[in-house]
Amino acid sequence: GYVDGRTIVIHYLSADGKDDRFPALASECLRLKADIIAVSSTPAAQAAKRATRTVPIVMIALGDPVGTGLAESITRPGGNVTGMSQMVPELSAKRLELLKEAVPKISRVLVLSYLSDPIAPLQVAALDKVAPSLGVTLFVRDIRSSADIAPAFDAGVSEHVDGVIMTAESVLVVHGAQISEFAARLRLPAVYPYVIQAEAGGLMAYEATTPELHKNAALYVDKILKGAKPSDLPVQQPTKLSLAINL
């Protein structure tokens, strides 16, 4: 029922893939006297929480708000932060299981991760935990920019990897097409964290259904504007998961 520009004003601020810009963007939100700050990545949420403990913050679809300290618990988040969780560490482990199920002979897997994002180490830990039971050795490479992608695959080839996993940091989505291209060129089966990457040429993807999370985040914004407190709204987890296979 809202009309943008009449009954609600929405400002869209982007860090353009540069995490160090989030503190300035959080300050800009306060300058604009935002009633609510909606965030789409863990670094953005952390910057907003450092900037204010009173303005409500709604997570659109973050990786693990409890594991990264944004919420005290799923049921009672406490503080001024609530919203949607993608259950990222759990889904990372599931992606490795799917890769092994699709190609049972796989034993050495290249993991591409943006380790500066607080959600990345949690995913790597989840992968490390499940890898021995699958008979898989992991080779983790930190991707900070597009310049790191080719050397990461070169290192993987040197280690004789036979599969690829990409963790679910928003920065890596920017480089998703380039990563998919390298994996295809080297004939390495890969599982990605977002369906859009399978649609763009990647082999497989497994994700929490993002449109559902976005819709529910909007419903939380509505509830807070009507008087609800973020601390009383439980963090929601996805009820729908999508597996995409590029035939």
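Before reading on, note that the structure itself is shown above.
Residues numbered from 1 in each chain as written. Predicted model: local features only at pLDDT ≥ 70, side-chain atom pairs only at ≥ 80, totals over all residues. Heavy atoms only, no water.

A. Representation of the overall build of the protein. Within the protein one finds nine helices and nine strands. By the compact-globule yardstick of 18 Å for 247 residues, the protein fits well, its C-alpha radius of gyration being 19 Å. Projected onto its principal axes, the C-alpha coordinates of the protein cover approximately 55 × 35 × 30 Å. Each of the 247 residues in the protein was classed as buried or not, and the buried ones make up 50%. For the protein, contacts bridging at least 24 residues in sequence account for 69% of all contacts bridging at least 6. When the accessible surface of the protein is split by element, carbon and sulfur atoms take 55% of a total near 12100 Å². Separation of charge centres in the protein, based on 24 positive and 25 negative side chains, amounts to 4 Å. (Helix = DSSP H or I, 4+ residues; strand = E, 2+ residues; numbered from the N terminus. Rg over C-alpha atoms; globule rule 2.2 N^0.38 Å. Buried < 20%, exposed > 50% of the residue type's maximum accessible area, 1.4 Å probe, protein only. Contact = heavy atoms within 4.5 Å. Areas by Shrake-Rupley, 256 points an atom, 1.4 Å probe, with all protein chains shown as cover. Lys, Arg positive; Asp, Glu negative; His and termini not counted. Charge placed at Lys NZ, Arg CZ, Asp CG, Glu CD.)

B. Broad picture of the packing of aromatic side chains. Summed over the entire model, instances satisfying the criterion amount to one aromatic pair. Taking NZ or CZ as reference, arginine 185 lies 4.8 Å from the ring centre of phenylalanine 182, over its face. (Phe/Tyr/Trp six-rings, centres within 6.5 Å; stacked < 30°, edge-to-face > 60°. Lys NZ or Arg CZ within 6 Å of the ring centre and 35° of its normal.)

C. Summary view of the side chain of aspartate 162. Assignment of secondary structure puts aspartate 162 in the loop between helix H5 (149–158) and strand S6 (163–166). Despite its burial, aspartate 162 pairs with no opposite charge, the nearest such side chain being lysine 105 at 5.4 Å. Engagement of the side chain of aspartate 162 in a polar contact is seen with the backbone nitrogen of serine 107, the distance being 3.2 Å. (Salt bridge = Lys/Arg side-chain N within 4 Å of Asp/Glu carboxyl O. Polar contact = N/O pair within 3.5 Å; in protein donor to acceptor, adjacent residues only side chain to side chain.)

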